[in-house]
Amino acid sequence: MNTSSNQNSGRLRAEPAPGLHKYAVFTAICTFLLLVAGALVTSNDAGLSVPTWPLAWGSVTPPMVGGIVYEWSHRVIAASVGFLTIILAAWLWIAEKRPWMRWLGLAALGGVIAQGMLGGLTVRMFQPPAVSAAHATLAQLFFSTVVSIALFTSAWWQSSISELDDSRSPRIRALTIWTIAAVFLQLILGAAFRHKAFGIIPHLIGAVIVTILVFMTAGALKRRFSNVQPLRKCARFLHILIGVQLLLGASAWWSRVYAAPFPQPIAIMVTLTVVHTVTGALLLATTLITTLVSYRMLRPGHALVNSSSTPELLAR
Amino acid sequence: MKKSKWGMYSLAIGAFALAITGCGGKKEESSEAPAPAANAPAGKTVDSATAGEVSGSVKLDGAAPKAKSINMAAEPACSKGRTTPAVTEEVVTGDGGALANVVVYVKSGLDGYSFPAPTTPVKIEQQGCQYHPHVAGVQVGQAIQVVNDDQTTHNIHPIPKENREWNESQPPGASPIEKNFAREEIAIPVKCNVHPWMKAYMAVLGNPYFQVTEKDGKFDLKNLPPGTYTLVAWHELYGPSEQSVTVGPKETKTVTFTFKATPAAGD
């Protein structure tokens with residue numbers, strides 16, 4: 001068993017800033033709520049209920065009736081997340097010692113601006129499927145960026161962590177990369193399906209691939225590092241989320257078939273579709289965290305790792 | 001700690017861009033493309049002395065799918081003033097299977113004739129959060145006047161394939177919205193995104209020989225010059241049905257269209 005401290009690897013470590021970390025977590029939670037609001041707009045077919053953008057007929061207080069409730073709430077939450085992101089980027093720029101973190105803050109700001117622009121385009125261009133799907137996809141990328149900022153600003157990430165050898169094949173680092181790529185592609189396929197760019201088949205094929213990869217990654221983590229708490233937690237969350245997401249996917253599809261004859265979106269279809277969509281975002285965030293934690297803790301090694309021989313990591 | 005100026009500049013530009021996108025925006029364009037019919041060179045004119053007529057009816061063979069209830073509970077202003085429960089108008093039939101909301105029109109056979117757009121607008125009303133009529137026929141370039149009689153805001157959003165798409169809101173008491181379509185299109189779906197059950201169709205025709213059937217299923221196309229025509233009956237669920245008909249001078253031809261009933265989804 002080979003372990004080594006990152007302090008010895010010459011990497012620059014910053015002092016943890018608890019306030020910044022808490023703020024980043026808060027921004028990530030608000031971004032998650034924004035994803036819920038966005039999914040509600042799509043599922044209620046309310047995306048064009050306010051034909052003007054960014055304001056509603058020059059006003060910030062439109063009549064909150066019908067689909068306007070969903071569309072305007074989405075815009076207000078989006079603007080709030082935009083301002084939260086400005087503060088986050090500024091805070092990172094001022095307080096962070098790691099240069100790449102300052103640029104990551106700026107990337108988040110750029111992402112939220114681009115996302116706002118895409119939202120405006122989708123309204124002004126009458127929701128072309130490609131633009132709407134791009135808007136839904138960038139939402140996931142932005143969420144991932146904020147989640148990663150929250151992780152990078154945590155005390156755990158900035159503490160000295162002993163690295164572990166992962167010498168078995170396939171390497172967990174490689175598995176996580178394949179898994180996150182598949183989950184992200186699957187979210188694009190889901191968004192494209194919801195925005196009628198194409199049918200359900202690509203999304204179903206994607207579901208099979210994602211399920212296999214998530215089980216492979218979580219299984220490998222569980223088998224090889226069952227005593228390493230952060231990795232064990234990642235594996236547990238991946239297992240729970242993929243199971244829940246598969247059930248939600250099947251339920252959401254059933255609800256769409258059931259709701260098809262109704263003249264308007266019905267509550268069960270809206271609820272299941274929204275929950276399925278945002279659980280997809282949670283799965284992406286969990287896969288991202290798993291990937292980052294794996295890269296932080298694991299090192300491609302040459303010797304077989306016996307996780308039971310790592311007593312010093314049990315308490316972590 | 002050394003910080004690059006570029007980073008600070010990017011942050012400032014980003015914040016500024018976000019502020020701009022959150023506070024500005026150009027005014028919605030509302031002008032329509034000019035109707036080609038209005039500028040078309042004068043062609044043959046119809047001689048009323050020899051003109052004939054095609055009349056007939058449209059029927060549905062089989063049981064019509066049941067109309068579905070519309071739940072307007074979330075919007076009290078919609079149900080206010082309604083005397084009957086709101087139901088879908090996808091398939092509306094009268095006595096003996098007579099089929100309403102069918103656009104019957106002359107598709108071909110009128111080459112060389114030109115038909116300027118009528119000056120009278122076609123009126124579409126939003127009453128009780130439904131469109132009246134559910135299916136409207138309009139000539140290329142003819143004005144469509146959309147009126148909101150409800151005490152709630154609607155948006156009118158036609159989704160054409162051949163014409164320019166538009167989407168405009170209409171609060172209670174607002175002036176009518178006037179638009180036209182520049183190209184033939186059978187038929188343009190119209191929806192309200194505020195009230196997702198509100199659906200209608202606008203058929204844009206290149207000549208005045210069209211009619212939308214009422215509950216009696218009857219149509220009557222008058223003042224047709226003698227000739228052989230392709231007559232089409234179009235229904236939103238059952239699609240188009242074509243027949244050829246030859247009309248002699250002062251002749252009246254009778255045509256019957258029969259659509260086979262197919263169960264709607266969920267029936």
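The rules we used
Residues numbered from 1 in each chain as written. Chains lettered and ligands numbered in written order. Predicted model: local features only at pLDDT ≥ 70, side-chain atom pairs only at ≥ 80, totals over all residues. Helix = DSSP H or I, 4+ residues; strand = E, 2+ residues; numbered from the N terminus. Rg over C-alpha atoms; globule rule 2.2 N^0.38 Å. Buried ≥ 20, exposed ≤ 12 C-beta atoms within 10 Å, placed from the backbone. Contact = placed C-beta atoms within 7 Å. Axes fitted to C-alpha atoms, helices over the stretch in contact; angles between N-to-C directions. Parallel < 35°, antiparallel > 145°, perpendicular 65-115°, else oblique. Left-handed = near helix turned anticlockwise from the far one by under 90°. Pairing = 2+ DSSP bridges. Domains from an automatic or database assignment.

### Things to note about the overall build of chain A
Helix and strand counts for chain A come out as nine helices and three strands. In summary, chain A has a C-alpha radius of gyration of 21 Å against a globular reference of 20 Å for 316 residues, a match within 12%. Each of the three principal axes of chain A carries a C-alpha extent, and together these read 65 × 45 × 25 Å. With 316 residues in all, chain A has 45% of them scored as buried. Once local pairs closer than 6 in sequence are excluded, the contacts in chain A between residues at least 24 apart make up 77%.

### With respect to the overall build of chain B
Within chain B one finds three helices and 16 strands. With 267 residues in all, chain B has 36% of them scored as buried. A sequence separation of at least 24 residues applies to 68% of the contacts in chain B between residues at least 6 apart.

### What to know about the packing of helix α4 (residues 129-152) of chain A against helix α9 (residues 267-297) of chain A
Residue and element names in this part refer to chain A. In the contact formed by α4 and α9, the axes pass within 10 Å of each other and the chain directions differ by 40 degrees. Looking at the two axes, α4 sits oblique to α9. The crossing of α4 and α9 is right-handed. From α4, Q140, F143, S144, V147, S148 and L151 reach across to α9, where they touch A281, L284, A285, L288, I289 and L292.

### Quick word on the pairing of strand β6 (residues 144-148) of chain B
Residues and elements named next belong to chain B. Along β6, the buried face is formed by I144, V146 and N148; none of Q145 and V147, which line the opposite face, is buried. Where strand β3 (residues 122-127) and β6 come together, five bridges link them in parallel fashion. Looking at the pairing, V122 lines up with I144 of β6. Sheet topology places β6 next to strand β9 (residues 177-179); three bridges connect them, and they run antiparallel. If you follow I144 over to β9, its bridge partner there is K179.

### Digging into the domain arrangement of chain A
One frequently used descriptor of interface size is the decrease in accessible area upon assembly of the parts. Residue and element names in this part refer to chain A. Domain assignment breaks chain A into domain 1 (15-159) and domain 2 (161-316). A straight line from the C-alpha centre of domain 1 to that of domain 2 covers 22 Å. Taken residue by residue, the interface counts 23 residues in domain 1 and 24 residues in domain 2. Elements supplying a minimum of two residues to the side of domain 1 that touches domain 2: α1 (18-43) and α4. Per element, the largest residue contribution to the side of domain 1 that touches domain 2 is twelve residues, and it comes from α4.

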